[in-house]
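Fold and contact review
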Amino acid sequence: VLLFAACEKEVSILVTPCEKTVSATGGTFMVSLTATEEWSAFSSKSWVTVSPTFGEDADVQVSVAPNTSAMADTAYVSFMLRTLSTTLVVYREGK
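To start, this report covers the structure provided alongside it. (Residues numbered from 1 in each chain as written. Predicted model: local features only at pLDDT ≥ 70, side-chain atom pairs only at ≥ 80, totals over all residues. Heavy atoms only, no water.)

1. Some points on the environment of Asp59
To keep it simple, the criterion reads: Strands are runs of DSSP state E lasting at least 2 residues, helices are runs of H or I lasting at least 4, and numbering of each runs from the N terminus. Partly exposed describes any residue whose relative accessible area lies between the buried limit of under 20% and the exposed limit of over 50%, with all areas from a 1.4 Å probe on protein chains only and scaled to the type maximum. We call two residues in contact when some of their heavy atoms are within 4.5 Å.
Turning to its location among the elements, Asp59 is positioned in strand S7 (residues 58-64). Given a relative accessible area of 55%, Asp59 falls into the exposed group. Separated by 43 residues in sequence, Asp59 and Thr16 place their C-alpha atoms 9.7 Å apart. Contacts of Asp59, omitting those with residues within four sequence positions, involve Met30, Val31, Ser32, Ser51 and Pro52.

2. Some details on unusual backbone geometry
For the bond running from Thr16 to Pro17, omega is -5°, close enough to zero to count as cis. Note that Pro17 resides in the loop between strand S1 (13-16) and strand S2 (19-22). At the junction of Ser51 and Pro52, the peptide bond is cis and its omega measures out at 0° in the coordinates. Along the chain, Pro52 turns up in the loop between strand S5 (48-51) and strand S6 (54-55).

Shown next as structure tokens:
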């Protein structure tokens, strides 16, 4: 009798903090990403960029462009790992 057993590594991904409010002047801040495997990042709005855009455990720099509108805005940065994701919510104040 031949038996095979497979152990699948549990995957996880976490961003800290998970939300941030930025003034209308914009700016940069850091978030900490903890992941068991390589992840990739996607922003819902062009006024938010992240660096790096992929990797494993990392400190990620988030850059927010100035808001020229009086209206506040919200962007979502999704960090994806396989079928898992975690989201950073960025609130940008109006001018």
